[in-house]
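# Commentary on secondary and tertiary structure
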Amino acid sequence: MSLKNQLIIIFMMFSLLVSAQQTDSVRYPTFKVDGVMKNKFEYASETGKSRFSVRNSRVGIRGHLTSTFTYRGQLELSDNGSFKVLDLFGSFEPINGLTLSLGQAGIPLFNPYTVSPGNLMFANRPFIGKYFLSTRDIGLLANYNFQAGIVPISIEFGAFNGNTINDPVWRDKLSYGFRLGLGKMKGLRSTFKLYDYLNTPKVHYLFYGADLRYEAENWKIETEFMKRDNKEVAEDQMLSYYVQGAYVFPLKETFYFKNIVPAIRWDAIDKHLKKSGFDVNRLTVGLGLGLTKKYFSSILRFDYEWYFVNKKLDILSLYEEMDSDKFTVELLLTF
């Protein structure tokens, strides 16, 4: 039996086991299932080619083992046809507000609305969420949340292998990340982050950036920049930013679609910082039809992307359609 099939069977058996235990214990362990399915149709206007794809198909479990220990597991059943194990970690809360997590988890560099399929504002991620670094690693992450007056503050610090997921390599030196967050997801929020990533003697990256967002009841706007410096090769640098926003128009509950969500984004990426202007700019406009009353959740999207290429980039040249203008239809289901 393949490793993929074994993991799926173990995941299902664990789900049934914990569900059975729920009937015997009112409180612990607790158990909750979540998932995301992201199916797309794309048409590249410059090449005249099109494709269907299952971009993501994720299922996860989370809950409390005791009052102070929690767990999280998440599988990617199909990432453009590939099976992956994503989150696999346990957490301990020794004091109120402090959480220590050990295992495979997200590094303190990316926001969920730039990398998580169920939180994106468009069918495709901004450049920041796609071309800088893998979003997960194996390591230890500490997160402390507290209130300073009326401002919620979060401080994260982590040590990681500095490699890809599902690959526990031995290292002479680990990679370290830090993030400071001010505010909550509703209202005004800003974060500042720094990540020292040591992979090989010639790949020693320093990432740093900041973001600012505001979310109201039925609209939000977000902006972020990120810089990557190679501490061993001065010429190897990358810079990117985006500005995006969306507004929700509620519809009657009797309608098939519960809301209409127009959205717009401008993002850019640059690897030749001594040249004038960004190498690639992109304008994305979208129209979403919400499937539930919950805003920015399950949705049918229609997006169009315009690429403005000043200088070709290798990361956008794996095939012709990568930097071609595109029309995308996406069905996103979250539960």
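Just so you know, these numbers come straight off a predicted model, no measurement behind them.

## With respect to the pairing of strand β4 (residues 82–95)
Inspection of the sheet shows strand β3 (residues 69–79) paired to β4 by eight bridges, in the antiparallel sense. If you follow Tyr71 over to β4, its bridge partner there is Gly90. Between the end of β3 and the start of β4, which pair antiparallel, lie two residues, with Asn80 showing a positive phi angle near 50°. With six bridges connecting them, β4 and strand β5 (residues 98–106) associate as antiparallel partners. Looking across to β5, one finds that Ile95 is bridged to Leu98. If you look at the hairpin formed by β4 and β5, you'll find two residues sitting between the two strands, and Gly97 has a positive phi there, around 100°.

## Some words on the pattern of salt bridges
Under the defined criterion, the tally for this structure stands at 24 salt bridges. Note that Glu330 is salt-bridged to Lys38, the shortest N-O span being 2.2 Å. Residue Glu330 is located in strand β17 (residues 326–334), and its partner Lys38 is located in strand β1 (residues 32–44); the two are separated by 292 residues in the primary sequence. The class of Glu330 is buried, set by a relative accessible area of 0%. Using a relative accessible area of 2% as the deciding quantity, one classes Lys38 as buried. One salt bridge in this structure joins Arg72 and Asp87, with 3.7 Å as the shortest N-O distance. Note that Arg72 is positioned in strand β3 and Asp87 in strand β4, a separation of 15 residues in sequence. By the burial criterion, Arg72 is buried, and Asp87 matches it. Members of the salt-bridge network, linked through shared partners, are Asp34, Arg62, Arg72, Asp87 and Arg136.

## Thoughts on a nonpolar patch on the surface
Taken together, the side chains of Ile95, Tyr144, Ile155, Phe157, Leu174, Tyr176, Phe178, Leu194, Tyr208 and Phe225 define a hydrophobic patch exposed on the protein surface, amounting to about 850 Å² of accessible area. Those elements that provide at least two residues to the nonpolar patch are β7 (151–160) and β8 (175–183). Among the secondary structure elements, Tyr176 is positioned in strand β8. For Tyr176, a relative accessible area of 37% gives the class partly exposed.

## Observations concerning the packing of aromatic side chains
Summed over all chains, the structure comprises 18 aromatic pairs. Consider the rings of Phe69 and Phe92, whose centres lie 4.7 Å apart with planes at 20°: the pair is stacked. In this pair, Phe69 is assigned in strand β3 and Phe92 in strand β4, connecting sequence segments 23 residues apart. Taking 6.2 Å as the distance between ring centres and 20° as the angle between the ring planes, the aromatic pair formed by Phe157 and Tyr176 counts as stacked. Here Tyr176 lies in strand β8 and Phe157 lies in strand β7, a separation of 19 residues in the sequence. Its relative accessible area of 44% is what places Phe157 among the partly exposed residues. One aromatic cluster is present, built from ring pairs that chain together Phe132, Phe160, Tyr195, Tyr197, Tyr205 and Phe207. Taking NZ or CZ as reference, Arg213 lies 4.7 Å from the ring centre of Tyr113, over its face. Seen from the ring of Phe127, Arg282 lies directly overhead, with NZ or CZ sitting 4.1 Å from the centre.

## Remarks on empty space enclosed by the protein
Evaluation of the coordinates by the stated rule reveals two cavities of 30 Å³ or more. What the largest cavity holds in volume is close to 90 Å³. For the largest cavity, the lining is made up of 14 residues, of which Met121, Val261, Ala263, Ile299 and Arg301 are closest to its centre. Secondary-structure elements contributing two or more residues to the lining of the largest cavity are β14 (259–270), β15 (280–290) and β16 (299–309). Of the residues contributing to the lining of the largest cavity, the split by class is eight nonpolar, three polar and three charged. Estimated volume of the second largest cavity: approximately 40 Å³. Lining the second largest cavity, in full, are Ile107, Leu133, Ser134, Arg136, Asp137, Asn163, Tyr195 and Tyr197. Residue assignment for the lining of the second largest cavity shows that the elements contributing at least two residues are β6 (136–148) and β9 (187–200).

## Some remarks on the nonpolar core
General note: in soluble globular proteins, nonpolar side chains tend to be found buried as a group. The biggest cluster of nonpolar side chains holds 25 residues, and the ones touching the most others in it are Leu109, Phe110, Leu133, Tyr195, Phe207 and Ile269. Among the secondary structure elements, those contributing two or more residues to this core are α2 (112–115), α3 (127–131), β9, β10 (203–215) and β12 (237–247). A total of three residues in this core trace back to one element, the largest contributor, which is α3.

Rules behind the numbers
- Residues numbered from 1 in each chain as written.
- Predicted model: local features only at pLDDT ≥ 70, side-chain atom pairs only at ≥ 80, totals over all residues.
- Heavy atoms only, no water.
- Pairing = 2+ DSSP bridges.
- Helix = DSSP H or I, 4+ residues; strand = E, 2+ residues; numbered from the N terminus.
- Salt bridge = Lys/Arg side-chain N within 4 Å of Asp/Glu carboxyl O.
- Buried < 20%, exposed > 50% of the residue type's maximum accessible area, 1.4 Å probe, protein only.
- Patch = residues over 30% accessible without salt bridge, like charges linked within 9 Å, V, L, I, M, F, W, Y side chains within 5 Å.
- Areas by Shrake-Rupley, 256 points an atom, 1.4 Å probe, with all protein chains shown as cover.
- Phe/Tyr/Trp six-rings, centres within 6.5 Å; stacked < 30°, edge-to-face > 60°.
- Lys NZ or Arg CZ within 6 Å of the ring centre and 35° of its normal.
- 1 Å grid on protein atoms, 1.4 Å probe; cavity = no way out; pocket = protein on both sides within 12 Å on 5 of 7 lines; lining within 4 Å.
- Points joined across faces, edges and corners; volume = space filled by probe spheres on them.
- Nonpolar A, V, L, I, M, F, W, Y, C, P; charged D, E, K, R; others polar.
- Core = buried A, V, L, I, M, F, W, Y, C linked by side-chain atoms within 4.5 Å.

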